[in-house]
Amino acid sequence: MAQAHSPLPAQEESQGEPRSALAELHADPASRKRFLSMMGGAGAASAFSLFLTACGGGGQQQGTGSTVAQRQRPAPRPTDMEIVNYALTLEYLEADFYEKVQASGLVSGAPLEAIRVIGEHEREHVQRLKSVAKDLGKPVKKPQTRFPLQSQDQILKLASTFENLGAAAYPAQAPNIRSKELLSEAISIATVEARHAAKLNELTGKTPTPDGAFQTPLSMPTVLAKASPYIVTA
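Now for a look at the structure at hand. (Residues numbered from 1 in each chain as written. Predicted model: local features only at pLDDT ≥ 70, side-chain atom pairs only at ≥ 80, totals over all residues. Heavy atoms only, no water.)

**A look at the packing of aromatic side chains**
This model, assessed by the stated rule, comprises six aromatic pairs. Both rings, one in Phe97 and one in Tyr98, keep their centres 5.1 Å apart while their planes meet at 65 degrees; by these two values the pair is edge-to-face. Residue Phe97 shares its accessibility class with Tyr98, and that shared class is buried. Pairing Phe147 with Tyr230 gives two aromatic rings, centres 6.2 Å apart and planes at 20 degrees, and the pair type is stacked. Of this pair, Phe147 sits in the loop between β3 (144–145) and α7 (152–173) while Tyr230 sits in the loop between α9 (220–227) and β4 (231–232), placing them 83 residues apart in sequence. Here the aromatic cluster, defined as three or more aromatic residues joined through ring pairs, consists of Phe97, Tyr98, Phe147, Phe162 and Tyr230. (Phe/Tyr/Trp six-rings, centres within 6.5 Å; stacked < 30°, edge-to-face > 60°. Buried < 20%, exposed > 50% of the residue type's maximum accessible area, 1.4 Å probe, protein only. Helix = DSSP H or I, 4+ residues; strand = E, 2+ residues; numbered from the N terminus.)

**A closer look at the pattern of salt bridges**
Tallied over the entire structure, the rule returns four salt bridges. Here Arg123 makes a salt bridge to Glu120, at a shortest N to O gap of 2.8 Å. Here Glu120 and Arg123 lie together in helix α6 (residues 109–136), a separation of three residues that amounts to about one turn. Look at Arg123 and you get partly exposed, because its relative accessible area is 31%. (Salt bridge = Lys/Arg side-chain N within 4 Å of Asp/Glu carboxyl O.)

**Some thoughts on the nonpolar core**
Ranked by internal contacts, the top residues of the largest apolar core, which has 23 residues, are Leu93, Phe97, Tyr98, Ile115 and Phe162. Sorting the residues of this core by element identifies α5 (80–104), α6, α7 and α9 as the ones contributing at least two each. It is α7 that contributes the most residues to this core, seven residues altogether. Other than its neighbours up to four places away in sequence, Leu93 contacts Thr145, Phe147, Phe162, Ala227, Tyr230 and Ile231. In terms of nonpolar packing, the next biggest core, distinct from the first, is built from 20 residues, Ala95, Ala133, Tyr170 and Leu183 among them. (Core = buried A, V, L, I, M, F, W, Y, C linked by side-chain atoms within 4.5 Å. Contact = heavy atoms within 4.5 Å.)

**A closer look at the packing of α5 against helix α8 (residues 180–203)**
Packing of α5 against α8 brings their axes to within 13 Å, and their N-to-C directions diverge by 30 degrees. Here α5 lies roughly parallel to α8, going by the angle between them. Seen along the crossing, α5 lies across α8 with a hand that is left-handed. Between α5 and α8, the residues in contact are Asp80, Val84, Glu91, Glu94 and Tyr98 and Leu182, Ile189, Glu193 and Leu200, respectively. (Axes fitted to C-alpha atoms, helices over the stretch in contact; angles between N-to-C directions. Parallel < 35°, antiparallel > 145°, perpendicular 65-115°, else oblique. Left-handed = near helix turned anticlockwise from the far one by under 90°.)

**Topic: α8**
The end-to-end C-alpha distance of α8, which contains 24 residues, comes to 35 Å, matching closely the 34 Å that a straight helix rising 1.5 Å per residue would cover. Two residues or fewer past α8, Gly205 is found with a positive phi of approximately 80 degrees. (Expected span 1.5 Å × (residues − 1).)

**Some thoughts on the environment of Leu182**
With respect to the secondary-structure elements, Leu182 resides in helix α8. Here Leu182 falls in the buried class, since its relative accessible area comes to 4%.

**Regarding the side chain of Arg178**
Tracing the backbone through its elements, the reader meets Arg178 in the loop between α7 and α8. Among the polar contacts listed, one links the side chain of Arg178 to the backbone oxygen of Pro78, at a separation of 2.4 Å. In terms of polar contacts, Arg178 uses its side chain to reach the backbone carbonyl oxygen of Asn176, at 3.2 Å. (Polar contact = N/O pair within 3.5 Å; in protein donor to acceptor, adjacent residues only side chain to side chain.)

Quick look at the structure:
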């Protein structure tokens, strides 16, 4: 997978802001074809289509207000650097959680093997996103975490919560991403997070897809509010 993470060219700017990669791919079949080739060819087409559906289309992220003033003044989109550090914070949280779960000795059997595999994936996500963040600027510092580890059932429910949160976080930010390379990384990680969530949902007796046929994206403030109880602040 491509490692470069440069922003879109200046000529793609509109009204002072670069056009999102998703908007360009939605509007330009030739650009979309090149992007799918970069992602892995024919097999990437269905993943991109599903991700586009989960994001609610290919345009810019819209606000929820309905007044003329709100339509004229949309909230500023986060930069690619902000999005990467946001994703990195979530991956730090998940990776640290699985490390502490394995050290607790509270999980065994098939659930422990799932925790081990998922934890390794999250550590790889951290390393990839740190590399991306270094390309763009400065990676966010790893947060200190605190988790209530009480029993196997409680741990699996919390793991399910984290993975469903991760699966919902990436689609919400996709319409804001300027770089096609970064969008490719986000899609790649999001699909794995969704598989993690499905596995853990099954282990906790829930349906693999609690949102039904389509993922419900969650905004950055919503996700951070749900994650904040597990992050120790100074």
